[in-house]
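# Descriptive structure summary
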Amino acid sequence: MIAATLWPLINERPCIEVILPRSKGNTLRRLVADTGAGNRLASFQLLLLESDCLQSAGRLIGQAQLGGAYSGPFWVYSLVIEIPRLNFVDSVPVVGVNHAPNGFDGIACFNFLNRFHFENFGHQDRFGLG
């Protein structure tokens, strides 16, 4: 059996919660888990508000050209992300965007989710990583 962390669906969509470490305390962010965002080889793993990237001491590492819901060139930051219940702490490439999907603070893309085992673990109203 895989030890999993489960989160309730938000607006009937899968969600994960991450912590952004900040100098004035940690900030919880709810991200829609979207396996259709990016691909396994994308140069980024999350999409967050650019203000979160800057306030969390994100280090500018490049630029990404996006298409679809977010189209055009966007800055990419290296940002420390935590999921405490999974003992996960890592610096990941994050695209800074100017708006997030309704009810969420950003998007967890396929290549981030692919680091974990993901499913509902038998709970129709939950989404989990393990």
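A few points on the structure. Keep in mind that this is a model prediction, so the values were computed, not measured.

## Observations concerning the overall build of the protein chain
In terms of regular secondary structure, the protein chain is built from two helices and 10 strands. Helices and strands appear in the protein chain in the N-to-C order β-β-β-β-α-β-β-β-β-α-β-β. For the protein chain, whose C-alpha radius of gyration is 14 Å, the value lies close to the compact-globule estimate of 14 Å for 130 residues. Projected onto the principal axes, the alpha-carbon positions of the protein chain cover approximately 40 × 35 × 25 Å. Residues classed as buried in the protein chain amount to 44% of the 130 residues present. Counted over contacts in the protein chain with a minimum sequence separation of 6, partners at least 24 positions apart contribute 59%. Carbon and sulfur atoms make up 49% of the accessible area of the protein chain, which totals about 7,000 Å². Between the mean site of the 10 positive side-chain charges and the mean site of the 10 negative ones, the protein chain shows a separation of 5 Å.

## Quick notes on the environment of Ala3
You can see Ala3 is positioned in the segment before strand 1 (5-8). Residue class for Ala3 comes out exposed when judged on its relative accessible area of 66%. Counting along the chain gives 26 residues from Ala3 to Arg29, while the straight-line C-alpha distance between them is 22 Å. Those residues within four positions of Ala3 in sequence are excluded, and the remaining contacts are Leu129 and Gly130.

## Points about the layout of surface pockets
Counted as a void, the largest pocket has a volume near 220 Å³. Lining the largest pocket are 15 residues, with Ala37, Leu47, Ala69, Tyr70 and Ile107 positioned closest to its centre. The residue inventory of the lining of the largest pocket, partitioned by class, reads nine nonpolar, four polar and two charged.

Criteria and thresholds
- Residues numbered from 1 in each chain as written.
- Predicted model: local features only at pLDDT ≥ 70, side-chain atom pairs only at ≥ 80, totals over all residues.
- Heavy atoms only, no water.
- Helix = DSSP H or I, 4+ residues; strand = E, 2+ residues; numbered from the N terminus.
- Rg over C-alpha atoms; globule rule 2.2 N^0.38 Å.
- Buried < 20%, exposed > 50% of the residue type's maximum accessible area, 1.4 Å probe, protein only.
- Contact = heavy atoms within 4.5 Å.
- Areas by Shrake-Rupley, 256 points an atom, 1.4 Å probe, with all protein chains shown as cover.
- Lys, Arg positive; Asp, Glu negative; His and termini not counted.
- Charge placed at Lys NZ, Arg CZ, Asp CG, Glu CD.
- 1 Å grid on protein atoms, 1.4 Å probe; cavity = no way out; pocket = protein on both sides within 12 Å on 5 of 7 lines; lining within 4 Å.
- Points joined across faces, edges and corners; volume = space filled by probe spheres on them.
- Nonpolar A, V, L, I, M, F, W, Y, C, P; charged D, E, K, R; others polar.

From the geometry alone we can't say anything about function, so treat these as descriptive.
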